[in-house]
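Structural characterization, general
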Amino acid sequence: MKSLSVIIACLNGADTLEDALESVAGQTPDCAWELILADNGSTDASNQIFAAFAERNPEIDARIVDGSQARGKSHCLNTAIAQARGDGVIFLDADDTFAPGYIGEMGRALDAHPLVAASLDIDTLNTPEDTQIRGQGLRKPLMRLGHEPHCPHAPGGTLGFHRDVFERVGPFDPRFSAMEDTDFCIRAHLAGYEIAPVPNARYRYRFRHGVNAIRRQTRNYARHAVLLRKTYAPRLARPFQPAAWISSVATLVSLRARAWIARRNVARDGGVALGRIYSRLGEVQGDLAGALAYRAAPRNRGMGGIRSKLKSAAARAVAPAENRLWPSMLAVTTDQNAMALTFDDGPDPEWTPQLLDLLARHNARATFFVLGQNAARHPELIARIAAEGHEIGNHTWSHRPLTDLSRGEIAEELARTAAAIGPGGARLMRPPYGDFDRRSNMVVRQLGYRPILWSAPSDDWEPFEAEAIAERVCGNIRPGAIALFHDTLFGPATPALRDRTRAFAAVERILTERPDMAFTTVSDLLATGRAETRAWVKRSPAARRAAAPASAPAPFNTSQNPV
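Here is a short report on the structure shown in this document.

Reading the values: the criteria
- Residue indices follow the written sequence of each chain, beginning from 1 at its first position.
- Owing to the predicted nature of the model, reporting of local features is limited to residues with pLDDT of at least 70; listing and counting of side-chain atom pairs is limited to 80 or more, with chain, interface and lining totals taken over all residues.
- Side-chain metrics rest on all non-hydrogen atoms present in the structure, leaving aside hydrogens and water.
- Points on a 1 Å grid, built from protein atoms alone, make a cavity when a 1.4 Å probe fits but cannot get out and make a pocket when they are open with protein on both sides within 12 Å along at least 5 of 7 lines; residues with an atom within 4 Å of a point are the lining residues.
- Grid points are joined across faces, edges and corners, and a volume is the space filled by probe spheres set on the points.
- Counting from the N terminus, the helices are DSSP H or I runs at least four residues long and the strands are E runs at least two residues long.
- Classification of residues uses two cut-offs on accessible area relative to the type maximum, computed with a 1.4 Å probe and protein chains only: under 20% is buried, over 50% is exposed, and between them is partly exposed.
- Salt bridge, as used here, is a side-chain nitrogen of Lys or Arg placed within 4 Å of a carboxyl oxygen of Asp or Glu.
- Two cysteine sulfurs form a disulfide in these notes if their separation is within 2.5 Å.
- Paired strands, as defined in this entry, are two strands with at least two bridges between them according to DSSP.
- Whether two residues are in contact is decided by their heavy atoms: any pair within 4.5 Å suffices.
- Lines fitted to C-alpha atoms define the axes here, with helix axes fitted over just the stretch in contact, and angles between the N-to-C directions of these axes take values from 0 to 180 degrees.
- Ring pairs are drawn from Phe, Tyr and Trp, using the six-membered ring of Trp, whenever the two centres fall within 6.5 Å, and their geometry is named by plane angle: stacked under 30 degrees, edge-to-face over 60, tilted for the rest.
- Take the number of residues in a helix, subtract one, and multiply by 1.5 Å to get its expected span.
- This arc describes the spread of directions from the helix axis toward the C-beta atoms.
- Throughout, a crossing is termed right-handed when the near helix is turned clockwise from the far one, and left-handed when it is turned anticlockwise from it by less than a right angle.
- Polar here means any residue other than Ala, Val, Leu, Ile, Met, Phe, Trp, Tyr, Cys and Pro, which are nonpolar, and Asp, Glu, Lys and Arg, which are charged; Gly is therefore polar.

**Focus on empty space enclosed by the protein**
For the structure shown, the criterion picks out two cavities of 30 Å³ or more. Its boundaries defined by the atoms lining it, the second largest cavity holds a volume of some 50 Å³. Lining the second largest cavity are 11 residues, with D460, E462, D499, R500 and R502 positioned closest to its centre. Counting residues per element, the ones that place at least two in the lining of the second largest cavity are helix 19 (495–498) and helix 20 (501–513).

**Let's talk about unusual backbone geometry**
Of note, the bond from E148 into P149 is cis; its omega dihedral lies within 30 degrees of zero at 5°. Positionally, P149 belongs in the loop between strand 7 (143–144) and strand 8 (152–153). A cis geometry characterises the amide bond from G346 onward to P347, with omega recorded as 0°. For P347, the location among the structural elements is in the loop between strand 12 (338–344) and helix 13 (352–361). Even without being a glycine, D345 presents a positive backbone phi close to 80°. Note that D345 resides in the loop between strand 12 and helix 13. Accessibility expressed as a relative area gives 4% for D345, which makes it buried.

**Regarding the pattern of salt bridges**
What the rule picks out here adds up to 29 salt bridges. Here D459 ties to R472 by a salt bridge, and the two come within 3.2 Å at their closest N and O atoms. Taken together, the positions of D459 in the loop between strand 17 (456–457) and helix 18 (466–474) and R472 in helix 18 put the pair 13 residues apart, joining distant regions of the chain. By relative accessible area, which is 36% here, R472 ends up partly exposed. Via salt bridges that share partners, E34, D61, R63 and R85 belong to a single interconnected network.

**A word on the state of the cysteines**
Throughout the structure, instances matching the rule amount to zero disulfides. Left unpaired, C185 is separated from the closest cysteine sulfur, that of C151, by 7.3 Å. Of the residues examined, C185 reaches a relative accessible area of 2% and is grouped as buried.

**What to know about the sheet that holds strand 10 (residues 196–204)**
Spatially, the eight strands line up as an open sheet ordered 3-2-1-4-9-6-10-5, and their pairing is mixed. The sheet is open, and its two borders are formed by strand 3 (61–66) and strand 5 (97–98), each paired with just one other strand. Packed on one face of the sheet, helix 4 (residues 102–112) meets strand 1 (3–10), strand 2 (32–39), strand 4 (88–93), strand 5, strand 6 (115–121), strand 9 (159–162) and strand 10 and runs near 165° to strand 10.

**A word on the pairing of strand 14 (residues 391–394)**
Side-chain alternation along strand 14 places E391 and G393 on one buried face and I392 and N394 on a second face that is also buried. Where strand 13 (residues 366–370) meets strand 14, four bridges bridge the pair, whose relative direction is parallel. Along strand 14, the bridge assignment pairs T367 with E391.

**What to know about the packing of aromatic side chains**
Throughout the structure, instances matching the rule amount to 16 aromatic pairs. Centroid distance F161 to F184: 4.9 Å. Interplanar angle 25°. Geometry classified as stacked. Taken together, the residues F161 in strand 9 and F184 in helix 7 (residues 180–190) connect sequence positions 23 residues apart. Each member of the pair, F161 as well as F184, carries the same accessibility label: buried. The interplanar angle of 65° and the centroid separation of 5.5 Å between the aromatic rings of W454 and W536 together place this pair among those described as edge-to-face.

**Description of the side chain of T488**
Residue placement: T488 occurs in the loop between strand 18 (482–486) and helix 19. Residues in contact with T488, not counting those within four places in the same chain, are D344, D345, G346, D348, R498 and R500.

**What to know about helix 1 (residues 14–25)**
Helix length check: helix 1, at 12 residues, gives a terminal C-alpha distance of 17 Å against a target of 16 Å (1.5 Å per residue), a fit within 8%. When helix 1 is considered as a whole, its buried residues turn out to be A14, T16, L17, A20, L21, S23 and V24. The buried side chains of helix 1 occupy one side of the element, clustering within an arc of 160° when seen end-on. Next to the buried residues of helix 1 lie strand 1, strand 2, helix 2 (46–56), strand 4, strand 5 and helix 4.

**Considering the packing of helix 8 (residues 211–232) against helix 11 (residues 271–294)**
Orientation of helix 8 relative to helix 11, taken along the N-to-C sense of each, is 35°, at an axis distance of 6 Å. Remark: the crossing between helix 8 and helix 11 carries right-handed chirality. Per-class residue counts for the contact of helix 8 with helix 11 are 12 nonpolar, nine polar and seven charged.

Dropping the structure here:
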C-alpha cells in the first residue's frame, strides 16, 4: 500500500482521545500515512487535544477535517474519506486504541486484499467484569449476519479498504448512527468483495462502563438492527406479526422485573448479572423502538422465553425415541484412551499430501470425508490415503445441503462419490455443513450409510490462529471424541482461509501435546465401545445460501446524501 489515511471520527471524545492518539504515535508503518481527526462538532477539548498532539509529533502528517455539517458518524466518515489523500483507509474510534504495529499490518494486508478487517482485542481496555458482560460472540475475527444475506461483517472500527472499494460500494449510509460498518460490509459483500481477516493487527476495543451506558449502547445497536432487517431481509420485517410484538413486550416486562430484583441483589450476585440484564434490556427496548420507527416487526422472542423453554422440555421428553429413530453418531463411549480425527472436503493436491505427511510423522490415522468431485479429480490421493491406513468416508459429490435434496438426488450424490472412492470406501457419511433433518437422515441410513458428526469442532474454517484452533479442540478432547477438521475448504473462500497452514499447525500441536491419546479412524474407534448418538437436526445459514443465494437490494440513493 503506497499510502494510508487513518481516520478518527470524534464527537466529544476528550476523555479517551489522548489514549487513542498515543497508540497511533507509536506506529512505524513502512508506507506513507496521514492522521485525520474527523470532528463531528465537538464542544469539549477534543480539537485542542489533537492540535497539541500534532504539535508534539511533527513527523506525523496530522490534520483536522470539519465533519459538523450534519450529525452522525456516517456523515463524519464520508466527509473525511472524501478529503483523505491515502490509497487505503483505516479507522480508529476516539475511545479505542491500536496495538503496536497495527498500521503496518493493515497496510501489508491491503497490499494483497481490497477489503480487510483486524482482530478485536476486548481484554486490554476493559475490566474482566465488563468483558464477561459484553464479550460473548466478539472473540471471532469476523461475525456473520443472522439473516439474509448471511454474510460476514467486521465489528467496530476494524475495517480497512482501498479507495476504489468505497467508490464502488458507496458511502456510509447516513440513516445509520450505529451499525453503519455492518451495513457497509453487507453492501461490499453484495458488490462481490470478501473481507480478508488480519489476525496480527489487534484493534483494542473499549466497552461502555456502567449499566445505563451499556443499556443505551445496546439499545442503539438493536434499533438500527431493525433497519438492517428491513433493508436486506424484508420478509422478516413485515410489520403485522402479532406473536413478535406480544413476545417482545412480554420479554420487556420480564426484563424490567429482573432488573429491579438484580439491582437489589447486586451485592450478593455481583455486577455481571446486572450488566447482562441491562444489556438485554437495552436490546429489547431498541428492537421495539426500531420496529415502531421503521414500521417493521420486532424479533419474535417466544413469549419472554416461555416458548423456548416449552420446546426444550418437549425436545428432552422425545429425545430418547428420536435418538433411536434418527440416530447420528457424535462420539463413542469407550474405556480406551483413543479418539478420531476427521477431515472434510478433500482431497486437495496442495494440502492433503502435507496433512498425510504430518499424520505419518506422528503415527496417527484419520478418517477423510471426501467430496466425490474432488476424489474423481485426484484418484492418486484417494489411493495414497487408503494405502497409508486411513479411512475414507462419503461427504457427497457436490457439497449440496441434503435438506434441500430429494431422495433420488441424495442417492445420486452418495452413489457417484462411492464410485469415485472405489471399493475401499467405508459406509460412513457426513452431511455437508452438518445440515440434517429427519427425512435426509432416514434416506441416508436406508441407503446403507452411517451418519457421522462430531463432538470436538475446530472452527478451522474461521480465520483463527493455530493456538486458538487447538484450544477449541482440546477443550472437547476425551476418550471417544470425534474431532472435525478440513484438509481443504469447499466453495468460495479467501486465500487466507483456504490456506491450511494454521489448521495443520493446530493438528500437529494436538498430536504433540497428547502423546497419551491414540488417534485412529472412526470405524476403529467404534470397535472399542458404543456409539453416542443424537437426533441431529440442523440447517445452517451456509446451507441456505447454497440453496438460494440472496439477491442484492437496491442501494440507497447517494445523490440525496451528498458527501
